[in-house]
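# Secondary and tertiary structure notes
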Amino acid sequence: LAKSATIPAGAPGGPKQGYHTVEEDIRKEALSLFFPPEAEPRVAPTTGGVNNVVERVFVKGKDGKEDQYILRIYNNGGMSEKVVFEHAILAQLAPQPLSIQVPRTLPSKNGRPHELLSNGAECCVFYVIPGELAKTTSPKEVGRATGELNSAMGKLKLDMEAPIAPYFELFKVHHAISEELFYQEMAKPELDVAREPIDYLVEQTKILTGKIQEFLKLGLPQQWIHGDLHYDNVLVVGDRVSGLLDFEFCSYDWRAMELAVALSKYVGEDDPMPPTLDFLEGYAMHGQLTDLEAECIPDLINLRIASNAVYFTGRAVGKEDSIEALTSRAAQYAKRVRWVNANREKLVGAIKDKMAAIAKSKAMA
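Residues numbered from 1 in each chain as written. Predicted model: local features only at pLDDT ≥ 70, side-chain atom pairs only at ≥ 80, totals over all residues. Heavy atoms only, no water.

### Quick look at the sheet that holds strand S2 (residues 53–60)
Adjacent strands of a sheet form backbone hydrogen bonds with each other and so pair up, either parallel or antiparallel. The test is simple: Strands pair, by our definition, only if DSSP identifies at least two bridges between them. Note on conventions: DSSP H or I runs of at least 4 residues are helices, E runs of at least 2 residues are strands, and numbering of each starts at the N terminus. Any two residues having at least one pair of non-hydrogen atoms within 4.5 Å are treated as being in contact. As a rule, the C-alpha atoms of each element are fitted with a line to give its axis, helices using only the stretch in contact, and angles between N-to-C directions run from 0 to 180 degrees.
Spatially, 5 strands are ordered S1-S2-S3-S5-S4 in an open sheet, and the strand pairing comes out antiparallel. Where the open sheet ends on each side, the last strands, each with one partner, are strand S1 (42–45) and strand S4 (115–116). Where strand S3 (residues 66–73) lies against strand S5 (residues 122–127), 5 bridges are found, and the strand directions are antiparallel. Residue Ile 70 lies in a different strand from S5, and its bridge partner there is Phe 126. Each of S1, S2, S3 and S5 is contacted by helix H1 (residues 24–32), which is oriented at about 120° to S3, the strand it contacts most. Lying over the sheet, helix H2 (residues 80–93) contacts S3, S4 and S5, oriented at roughly 25° with respect to S5.

### Re the packing of aromatic side chains
Filter applied, for reference: Ring pairs shown here join Phe, Tyr and Trp side chains whose ring centres sit within 6.5 Å, with only the six-membered ring taken for Trp; geometry is labelled stacked below 30 degrees between planes, edge-to-face above 60, and tilted in between.
One pass over the structure, following the stated rule, counts 14 aromatic pairs. Residues Phe 182 and Tyr 183 carry aromatic rings whose centres are separated by 5.2 Å and whose planes lie at 65° to one another, so their mutual orientation is edge-to-face. For the pair Phe 279 and Tyr 283, a centre-to-centre distance of 6.3 Å together with 20° between the ring planes defines the contact as stacked. Taken as a pair, Phe 279 and Tyr 283 lie in helix H7 (residues 273–283) at a separation of 4 residues, close to a single helical turn. An aromatic cluster of at least three residues, connected via ring pairs, comprises Tyr 231, Tyr 266, Phe 279 and Tyr 283.

### Comments concerning the sheet that holds strand S8 (residues 234–237)
One open sheet holds the 3 strands; their spatial order is S6-S8-S9, and the pairing between them is antiparallel. Of all strands in the sheet, those bounded by a partner on one side alone are strand S6 (132–133) and strand S9 (240–244). As paired strands, S8 and S9 are joined by 4 bridges and run antiparallel to one another. Within S9, the residue paired with Leu 235 across the bridge is Gly 243. Together, S8 and S9 form the strand contacts of helix H3 (residues 139–153), whose direction differs from that of S9 by roughly 40°.

### Remarks on the layout of surface pockets
Defined as follows: A cavity here means a set of 1 Å grid points, computed over protein atoms only, where a 1.4 Å probe fits but cannot escape. A pocket is an open set with protein on both sides within 12 Å along at least 5 of 7 lines, and lining residues have an atom within 4 Å of a point. Grid points are joined across faces, edges and corners, and a volume is the space filled by probe spheres set on the points. Here the nonpolar group is Ala, Val, Leu, Ile, Met, Phe, Trp, Tyr, Cys and Pro; Asp, Glu, Lys and Arg are the charged ones; every other residue, Gly included, is treated as polar.
Approximately 300 Å³ is the volume attributed to the second largest pocket. Around the second largest pocket sit 18 residues that line it, and Leu 90, Ala 94, Val 102, Pro 103 and Arg 104 are the ones nearest its centre. Top element by residues in the lining of the second largest pocket is H2. It accounts for 4 residues. Looking at the lining of the second largest pocket residue by residue, the classes come out as 13 nonpolar, 4 polar and 1 charged.

Below you can see the structure in the form of structure tokens.
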């Protein structure tokens, strides 16, 4: 699990918000649980870690060369059950014959995939997956990998209740938020720096809560999903996907949400339709989607965006982040929702066409 670029602390190119660090004694404690003193572990910040502390670790290898790993210290309000569930998902995915890598943990000295620190936070160490963040490159290949994972996730059999609520339970996305509290927070003067997009997102969120009830009556297919699989959680080597990251938000949800989450990033680009179409072509190679699911995708994209707004509000209420994590994103979120609303028919038509074309090709093969 790795995002290759590293940045010095406080560098101008680093994220303005969402980058987290940790006290040195806690970092040393975490490293001591996985590496012997003679490994002399040292760390460097990465550009990853919107929610958690994510740092690159360099240790002395047996051959005299430095080995690299990724240290994650969770910043999730001390909810260990989320970490336990994430690693249970990864353990079931590990033996599946995927063309892409998923995160693999270095066992601790005690043989566990993650450990509890003295401050109540969980930590783990991942092996590095080679590659760079996909961003907007290779959308067809990213779509192919997303469809492949979605089909693989549909095969998982977990005798556990997901600690992450499905997207259709919108106001359970974070433990510190509720529907009433969300709207109260949205009215506070601290959000006036982004008042117009915030008010638009509030309006659209209220519309979505009504549509969720309609969709629940449709019986849309449900399965385990990654839940946060967008191009910032995809690694590529050249034009090929090498790995998929951050399984922290897996849940049992509408199958179509996986596609909606992925598209929610592309719809924010300056010219969203070309990469969206390329992504859909790749997704259709392995992913499954009915016409009914396709017709819901525009609203499910907007549901993902609304969920982000509720989530970052919850993190601010829970003192895990500042409200700037939302206000700095609000204009971009509103832009995405407006584009989706203006291009609903084109989106649905394109999804149906891509899925039908692949189905026809497979039938003729």
